[in-house]
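Structural overview for review
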Amino acid sequence: MRLSIFVGCFVVAAIAVNFGVVPSGIGGSNVVWVILLALVLSAPLSFVLLRKQRDEMSRQLVSSVDRAKARLEANRTREDGATS
């Protein structure tokens, strides 16, 4: 999803540079300039547009970490009970 946002911003930036809406790069750096413009445009867009996916992934990671912690704690208490 992030890549598609970047590609869309790259196309928009390339069109804007081609039609003179945005100044072109110096000398032969036009492609680098368009890539930088696309990065600057896509970063805030993906931060806003991908918020739901990021929050859902965070919830999944927190739940899996909590399960792993619970398993480790269960194993630790089982070992403590076996040695006593």
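These numbers come from a predicted model, not from an experiment. (Residues numbered from 1 in each chain as written. Predicted model: local features only at pLDDT ≥ 70, side-chain atom pairs only at ≥ 80, totals over all residues. Heavy atoms only, no water.)

The next point concerns the packing of aromatic side chains. In the structure shown here, the tally under the stated rule is 1 aromatic pair. Geometrically, the ring pair formed by Phe6 and Phe10 is tilted, given 6.4 Å between the ring centres and 35° between the ring planes. Highlighted residues: Phe6 and Phe10, both in helix α1 (residues 2–18), separated by 4 residues, approximately one helical turn. (Phe/Tyr/Trp six-rings, centres within 6.5 Å; stacked < 30°, edge-to-face > 60°. Helix = DSSP H or I, 4+ residues; strand = E, 2+ residues; numbered from the N terminus.)

Moving on: the nonpolar core. The biggest cluster of nonpolar side chains holds 5 residues, and these are Ile5, Phe6, Cys9, Ala38 and Leu50. Counting residues per element, this core draws most heavily on α1, at 3 residues. (Core = buried A, V, L, I, M, F, W, Y, C linked by side-chain atoms within 4.5 Å. Buried < 20%, exposed > 50% of the residue type's maximum accessible area, 1.4 Å probe, protein only.)

Evaluated as defined, the whole model comprises 2 salt bridges. Between Arg59 and Glu56 there is a salt bridge; the shortest N-O distance is 2.8 Å. Here the residue Arg59 and the residue Glu56 both occupy positions in helix α3 (residues 51–83), the gap between them amounting to 3 residues, near one helical turn. Here Arg59 falls in the exposed class, since its relative accessible area comes to 51%. On the basis of relative accessible area, Glu56 is assigned to the partly exposed category, the value being 38%. Across the salt bridge formed by Arg76 and Glu73, the nearest N and O atoms sit 2.6 Å from each other. In this pair, Arg76 and Glu73 are both assigned in helix α3, 3 residues apart and thus about one turn of the helix distant. Residue classification places Arg76 among the partly exposed residues on the basis of a relative accessible area of 44%. (Salt bridge = Lys/Arg side-chain N within 4 Å of Asp/Glu carboxyl O.)

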